Amino acid sequence: MNNVLGIIGAGVLGQHIAHYAILSKEFARIVFFDDTFEKGAITNHGIVVGSLNDVRQQIESNLIQNLVIGIGYNHLERRESIFNEYQSLINFPNLIHNTCYIDCTVLLGHGNIFLPGCIIDMGSVVGNNNFFNPGVILAHDNSLGNHNFFAPGVRFSGFVKTGSKCFLGTGTVAVDNIEITDDVKTGAGSLINKNLNVAGLYYGVPAKIFSGHNDVK
């Protein structure tokens, strides 16, 4: 069966992604890979065909032709390592809900997921394996790295640049011309009004660093 989508992670996020993938009618079948489910387990949106150790064999046997990552923001380094391991072996499609607006000038990488109501304005660049929850709005000329996770309602003004493996909490706002380094997390409702040059957790209005570690949700 051609055009099968494999989702790494059969938990809540993987099921969320599968829900919209099914609605898109782009894929003939959806299957899951998960280390915490038994092989053959039936989920709400498809069967678990194996653990993460089975992904390569499924790719090499042409049993899956597409792959996305349904692992959440607490495991950004894991998301990165999985993408890097398989990106040369299989297609990582961009999944874009039909209520999103992605301007024709936007440059998209691979494996990005846009849930309902996202807007990515003209001149922006989106790297690989980024996840956008509902209602994320990025104004013109933003530049995003890889493996970032945007919670619902994040708002960026123009010319904002992020590194990789960042988690932007619900309702985070960044003003114009801001740079955000790798491995930054923000708490819900944070206002970023200056460059964030040090990895860590930020929150507040304006956002201030709380910790140099990324171990806080």
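Presented here is a report on the structure given in the accompanying data block.

1. A short note on the sheet that holds strand β7 (residues 101–102)
For step 1, the next point in the chain: Taken together, 6 strands build an open sheet; the order of strands is β7-β10-β13-β16-β19-β22 and the sheet is parallel. The open sheet is flanked by β7 and β22 (191–192), the only strands paired with a single partner.
For step 2, the next point in the chain: Direction of pairing for strand β13 (residues 137–138) relative to strand β16 (residues 155–156): parallel, over a ladder of 2 bridges. Note that in β16 the partner of Ile-137 across the bridge is Arg-155.

2. A closer look at the side chain of Asn-112
For step 1, the next point in the chain: Relative to the assigned elements, Asn-112 resides in the loop between β8 (107–108) and β9 (113–114).
For step 2, the next point in the chain: Residue class for Asn-112 comes out buried when judged on its relative accessible area of 0%.
For step 3, the next point in the chain: With sequence-adjacent residues up to four places away left out, Asn-112 is seen in contact with Pro-93, Asn-94, Leu-95, Val-126, Gly-127, Asn-128, Asn-129 and Asn-130.

3. Let's talk about the packing of aromatic side chains
For step 1, the next point in the chain: Evaluated as defined, the whole model comprises 9 aromatic pairs.
For step 2, the next point in the chain: Ring geometry for Phe-131 versus Phe-149: centroids 4.8 Å apart, planes at 15°, classification stacked. In this pair, Phe-131 sits in strand β12 (residues 131–132) while Phe-149 sits in strand β15 (residues 149–150), placing the two residues 18 residues apart along the sequence. Of the two residues, Phe-131 and Phe-149, both sit in the buried class.
For step 3, the next point in the chain: Ring plane angle 40° and centroid distance 6.1 Å describe the contact between Phe-149 and Phe-167, whose orientation is recorded as tilted. Highlighted residues: Phe-149 in strand β15 and Phe-167 in strand β18 (residues 167–168), separated in sequence by 18 residues. Neither residue differs from the other here; Phe-149 and Phe-167 are each classed as buried.
For step 4, the next point in the chain: These aromatic residues form a ring-pair network of at least three members: Tyr-73, Phe-131, Phe-149 and Phe-167.

Scoring rules and cut-offs
- Along each chain, residues carry numbers from 1 onward, in the same order as the chain's sequence is written.
- In keeping with the predicted nature of the model, local features appear solely for residues at pLDDT of at least 70, side-chain atom pairs appear and are counted solely at 80 or more, and the whole-chain, interface and lining totals rest on all residues.
- Computation of side-chain values covers all heavy atoms of the structure but excludes hydrogens and water.
- DSSP calls a pair of strands paired once it identifies at least 2 bridges connecting them.
- Helix and strand assignments come from DSSP, with helices taken as H or I runs of at least 4 residues and strands as E runs of at least 2, each series counted from the N terminus.
- Relative accessibility decides the category of a residue: with a 1.4 Å probe and only protein chains considered, values under 20% of the type maximum give buried, values over 50% give exposed, and everything between is partly exposed.
- The criterion used for residue contact is that any of the two residues' heavy atoms lie within 4.5 Å.
- Between the rings of Phe, Tyr and Trp (Trp by its six-membered ring), a pair exists once the centres lie within 6.5 Å; its type follows the angle of the planes, with under 30 degrees stacked, over 60 edge-to-face, and the other angles tilted.

Treat this as a map of the structure, not an account of what it does.
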